[in-house]
Each structure stands twice: as structure tokens, then as C-alpha cells.
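What follows is each chain in one-letter form.
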Amino acid sequence: MATQSSSYPILCASFNQDNSGFAISTKDGFKIFDSNTGRLCYERSVGAFIIVEMLYSSSLLAIVGAGEQPSLSPRRLCLFNTTTNAPLREMTFLTSILAVRLNRKRLVVVLQEKTYIYDSNSLAILDTVDTVPNLKGLCAFSPSMDGCFLALPASTTKGSVLVYNVMELQSHCEIDAHRSPLAAIALSSNGTYIATASEQGTIIRVHSVSEATQAYSFRRGTYPSTIFSLSFAPSLQLPDILTATSSSGSVHIFSLGFATSQRSKRSSSFLGSILPDSVNDALDPADHHVLHNAVSVGVRSYATVRKVEKVADNASSSEFASCRAIISLISYNGYFQEYTLSINNKNEASRSLEREFNLLTVNSDSARSS
């Protein structure tokens, strides 16, 4: 996730495909961290970068400069080896690169009106997808080989999203998710779900990718807010968790497992059975958990659920299992926070801040001990 604003010391932040590591960049260079320990694994101070993407925990990075010096053009993608401290390959495009996504089989490069699909090993171009003007470089990517999808905006006037099968190199479906243009998109790691938010930022919708149908709808709040990030937990089965950050400064956590239970109860009621889904969405309370004031209001942030663990509760017969989620949060003013969120089978939650440190001043020892 890159930001074009120079008001933040962090220019971009991204987690790798399994959330075991993350990268940040500043005007001076970029840093790679271990998510589990907070250890600074690699640092390179050669200038500003607007994109730094990892390939799991390997030595390969995909980096794009901010254009503040000729050698760091925003039109040039560099595949960089952190072990040898040398470029492996450089690729230059006609216009600025807005986003890059990759796994072990595919490399995706997003430009304003075109998206290129490459073979990750040979770098042979496999397909070119013409898109509507995508000024923000919005995209989502599911790295799983069994459900490897790419999501891109399909309209500039409404919240439609194109879902493309990256392995089969063909369009999968188009989903009309919102009336307003998209502000954020996320795919679950296994390609099962896609989450979207519009520029209004009040409703977050989750669709089934295979059926292209709405599976969940969550109300983030009543007043409009800019959604900065959406991210699914890495769990492969329910209860799954979706997080969102916004300009309100809060982190929102939605439980898909509990939503399924509540939706079933609502549809079995008389009122729920006769009202359309759109009305049920409007009447449904904001049934989710919020980390209030996690960052300052208006500061861009990026949250991800790094791990979800089920918690045994033999005394309960509830279909919704208790779980514990580890949530990592990066704020673009330079801080990393990690929370533990415990949710019981009644959807009651408690949270604790496990650690917090300054990403700009951290060294390998201070990050580990914070």
C-alpha cells in the first residue's frame, strides 16, 4: 500500500503473503521486519521507494522508486536480491507503476489503465488486462495456487470489481458491490472471499468469489470515512476475521463466523424473512469490534490479522468457537502496534496491546525487546 502524500514519514507499507514479515519505505530507503519478533531483518538507504513487496520470507523483493532521482524512476520495476544486495532484473514501463503483487508463479504489475501478468520465474508476459482508469492503483491478490485471483476496479462511477483468474489467465466474474466508486479491495489468501468498501466508507461487503454473490455485509459506521485498508485473517475456515482501518483512527474487526450465526437467526424470524437484504443491512447494528483511537484521526494506517487461534471451550454448545486473533497495525506516522483480541462464543471481546515501537528509529535489538 503506497501513499502519494509526502506528509507521512512512511511512504508505503506491505505485509508478505503469509503475514510473517512486512516492509516499509521512507524518503531515505526501505526496511524489512520479521512480524513475529519485530526484528529488523534488512535495511537499504538509497533513496525513496513507493512500492516494496516481499515474496514470502525469501530474499526476493519487488521495488519501485519514488522518482526523486533518475535511478529510482516510478516507471521502473526492480527485482532485488537482499542476499547479494544487487538487482536480479529491471523492467521499465511507459507509465508509472501503481501496484505490484506476486507469488511463486505470477508477477502482477498495475499501471493506470493496464495490468500486466508475468510468469514469476521466466518473466515472460502472459497477459495484458485493459482496465478503467485506476488512479489509486487499487488491486487485491490472493496468492494461493488453488485460488489465485486478482481484483481490479471495473468502473469509475460505481463500486464494481473485476475478478480475474491469474493462473487460468481469464476473467472470472464482475461484481457490482457498491453504488459509489471503490476505495479498498481485499481477497482472502485462499481466494474464497473478496471484501470491498466504497468511497462512502460506511458499508463493507464480502462476496463469495466462486459464486459472485454477496455473503456478508457489515456496517462500519454511520458517517462517511475513508477506508485505508481491508485485510482477511489467514485462517482457512470459519470463524474468519476481516479488519479495516479508516480515517477515523480506529481499527474495525468483523467476524464472519458470528455474522453467519446472526444472519441465520435473523432470516428465521418473521421480520427478517420478509425484508430484502438491502433493508436488513441498513437495520443491522454495527455488530463488530473496534479498537478505538488506535492511531491519530486522519493518519493513514494498515492493519492485518497475522494469526487466528481457536480457543477450546468445552462448556459451550455454541456453533461459534472462541478465538484469539493477533492484529498487527502500521501507522504511516511511523509506529507499529500489535494487539491480541480474544472473542468468546457470545461475540464478546477483550483486547490487549502487546507491543509498540517506532519503525523509523528501531534497530535490531530495540525492536526485539519492545
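The shown structure was predicted, so the numbers you read here are calculated from the model rather than taken from an experiment.

Take the overall build of the protein chain next. Across its full length, the protein chain carries 4 helices and 28 strands. Counting the 370 residues in the protein chain, one finds 54% classified as buried. In the protein chain, 43% of the contacts between residues at least 6 apart in sequence involve partners at least 24 apart. In the form shown here, the protein chain has an accessible surface area of approximately 16100 Å², with 47% of it arising from carbon and sulfur atoms.

Let us look at the sheet that holds strand E6 (residues 60–65). Taken in spatial order, the 4 strands line up as E5-E6-E7-E8 in an open sheet, and their pairing is antiparallel. Only two strands of the sheet have a single neighbouring strand rather than two, namely strand E5 (49–54) and strand E8 (86–92). This sheet shows a mean twist of 20 degrees between the axes of neighbouring strands, independent of strand direction. Here strand E7 (residues 76–81) pairs with E8 via 6 bridges, running antiparallel. If you follow Leu-77 over to E8, its bridge partner there is Met-91.

Below, the discussion takes up the environment of Ser-144. Relative to the assigned elements, Ser-144 resides in the loop between strand E13 (140–141) and strand E14 (149–153). Along the chain, Ser-144 and Asn-103 lie 41 residues apart, while their C-alpha atoms are 8.1 Å from each other. Excluding residues that lie within four positions of it along the chain, Ser-144 makes contacts with Ser-189 and Asn-190.

With respect to topology, 4 strands assemble into an open sheet ordered E17-E18-E19-E20, the strand pairing being antiparallel. If you trace the sheet from one side to the other, it starts and ends with strand E17 (182–187) and strand E20 (213–219), each paired once. Ignoring which end each strand starts from, the neighbouring axes of this sheet average 20 degrees apart. Examined bridge by bridge, strand E18 (residues 193–198) and strand E19 (residues 203–208) share 5 bridges and lie antiparallel to one another. Its bridge partner lying in E19, Ala-195 is registered against Val-206.

This paragraph deals with the pattern of salt bridges. Scanning the entire structure with this criterion turns up 9 salt bridges. In this structure, the salt-bridge partner of Lys-158 is Asp-176, at a minimum N-O distance of 3.7 Å. A residue pair is termed long-range when its members are at least 10 positions apart, and Lys-158 in the loop between E14 and strand E15 (159–165) and Asp-176 in strand E16 (residues 170–178) qualify at 18 residues. Here Glu-309 makes a salt bridge to Arg-324, at a shortest N to O gap of 3.4 Å.

Calculation notes
Residues numbered from 1 in each chain as written. Predicted model: local features only at pLDDT ≥ 70, side-chain atom pairs only at ≥ 80, totals over all residues. Heavy atoms only, no water. Helix = DSSP H or I, 4+ residues; strand = E, 2+ residues; numbered from the N terminus. Buried < 20%, exposed > 50% of the residue type's maximum accessible area, 1.4 Å probe, protein only. Contact = heavy atoms within 4.5 Å. Areas by Shrake-Rupley, 256 points an atom, 1.4 Å probe, with all protein chains shown as cover. Pairing = 2+ DSSP bridges. Axes fitted to C-alpha atoms, helices over the stretch in contact; angles between N-to-C directions. Salt bridge = Lys/Arg side-chain N within 4 Å of Asp/Glu carboxyl O.

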